[in-house]
Amino acid sequence: MVRRYVGNGVWEDVPGTVTPQNSLEVALEDVATRFLTHLPATELRTADRLFFQIEQAHWFYEDFLADAPGAKLPHLHLGAFAEKLFESCELLKPMKEAFPNLMKDFRAYKNSIPVCGCVLLDPSLTRVVLVCNWAKTSWGLPKGKLNQHEAKYLAAKREVLEETGYDVGYDMGDEDCIEVMNKKQNAAMFCVPDVPLDYPFEPRVRKEISEVKFFPIDELPAKQWNVDIFVPNIKRWIKRRRKKARRDAARAKGGADGADDVDVDDGLDVGDGACGAA
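Residues numbered from 1 in each chain as written. Predicted model: local features only at pLDDT ≥ 70, side-chain atom pairs only at ≥ 80, totals over all residues. Heavy atoms only, no water.

A few words on the overall build of the protein. Counting its regular elements, the protein contains 6 helices and 9 strands. Taking all 278 residues of the protein together, the buried fraction comes to 42%. Total accessible area computed for the protein in this model is approximately 15400 Å², and 50% of it derives from carbon and sulfur atoms. (Helix = DSSP H or I, 4+ residues; strand = E, 2+ residues; numbered from the N terminus. Buried < 20%, exposed > 50% of the residue type's maximum accessible area, 1.4 Å probe, protein only. Areas by Shrake-Rupley, 256 points an atom, 1.4 Å probe, with all protein chains shown as cover.)

The following block contains the structure:
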């Protein structure tokens, strides 16, 4: 399969083949033709739109050219790849001198895009699912960037399915949402309970996630990325859910009177504040 631009910012996978390349120059010309040369002018007017296309080209280069059987191409991070494109692509050469600033602006823009994901919890509400990056250097909650005009809960479900293979089979509500502002980036995480401990997690994205596993909430890995900033609110959500479960059980037994006063120690270190607090 190869990628083809079909209009309105949309690409699709179509039948085709990728010829193994051993020349970086030829490979760059290939991705420029596929992702840049035939783009409408509207896609090239701003740095963010242009660099999103370059990012797509980079993923294609890494997944289908550099990793192709028999290929002898270097693996490049996005910055190095983009710089080489600006040096070789006729469409980008006039902007070559501005590349450092354009790249800097794009990174700042990406870091400001809201992210959404899920806090996947086991039935006991004591373990949480984390994903490890491809380089195996850090663990984090499954999440990703919110698309334009996309509802947060839909973005969260999409990202979790892509990164873990777990399909949240219902639409989460605001009462399950934890929102934290990390520097200039808003993160919305939806708490999802009752995920089986033996669920066969299987990432659906290429070269992003190396491992998916449960960790005790109070024993998170040392090498983790911004998980700790969510933990206090996760524990608040767990406490509320357990309290509601006790109330519902009491009502079911006909003992609703006084049920609201039941407050058993959950064994969780819960801080101040409410779900959704920054």
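Read on for the rest.
This brings us to the layout of surface pockets. Taken as a whole, the second largest pocket holds about 170 Å³ of empty space. Looking at the second largest pocket, the residues that line it are Glu25, Leu28, Glu29, Ala32, Thr33, Thr37, Ser88, Cys89, Glu90 and Leu91. A per-element tally of the lining of the second largest pocket places helix H1 (residues 24–37) first, with 6 residues. Looking at side-chain class alone, the lining of the second largest pocket contains 4 nonpolar, 3 polar and 3 charged residues. (1 Å grid on protein atoms, 1.4 Å probe; cavity = no way out; pocket = protein on both sides within 12 Å on 5 of 7 lines; lining within 4 Å. Points joined across faces, edges and corners; volume = space filled by probe spheres on them. Nonpolar A, V, L, I, M, F, W, Y, C, P; charged D, E, K, R; others polar.)

This part takes up the packing of aromatic side chains. Across all of its chains, the model carries 13 aromatic pairs by this definition. Judged by centre distance (5.8 Å) and plane angle (25 degrees), the ring pair of Phe51 and Phe86 falls under stacked. You can see Phe51 sitting in helix H2 (residues 47–66) and its partner Phe86 sitting in helix H3 (residues 78–88), a full 35 residues away along the chain. Using a relative accessible area of 1% as the deciding quantity, one classes Phe51 as buried. What makes Phe86 buried here is its relative accessible area of 0%. Site record: aromatic cluster; members linked through ring pairs are Phe51, Phe52, Phe86, Phe99, Phe106 and Tyr109. Between the NZ or CZ atom of Arg206 and the centre of the ring of Phe64, over which it lies, the distance is 5.3 Å. (Phe/Tyr/Trp six-rings, centres within 6.5 Å; stacked < 30°, edge-to-face > 60°. Lys NZ or Arg CZ within 6 Å of the ring centre and 35° of its normal.)

Note: strand S7 (residues 177–182) against strand S8 (residues 185–192), 6 bridges, orientation antiparallel. Its bridge partner being in S8, Met181 is matched across the sheet by Asn186. Counted between consecutive antiparallel strands, the loop separating S7 from S8 contains 2 residues, among which Lys183 sits at a positive phi close to 60 degrees. (Pairing = 2+ DSSP bridges.)

Next up on the list: the confidence of the model for the protein. Across the protein, the average pLDDT comes to 83, with 84% of residues at or above 70. Here residues 4–9 scores under 50 on pLDDT; set against residues more than four positions off or in separate chains, the count is 12 contacts. Below pLDDT 50 for its whole length, residues 259–278 participates in 40 contacts with residues either more than four positions away or in separate chains. (pLDDT = per-residue confidence, 0-100. Contact = heavy atoms within 4.5 Å.)

All right, on to the nonpolar core then. Counting residues in each nonpolar core, the largest one holds 29 residues, and the members touching the most others are Val31, Phe51, Ile54, Tyr61, Phe81 and Leu85. If you list the elements that add at least two residues to this core, you get H1, H2, H3 and helix H4 (99–110). For this core, the element with the highest residue contribution is H2, accounting for 8 residues. (Core = buried A, V, L, I, M, F, W, Y, C linked by side-chain atoms within 4.5 Å.)

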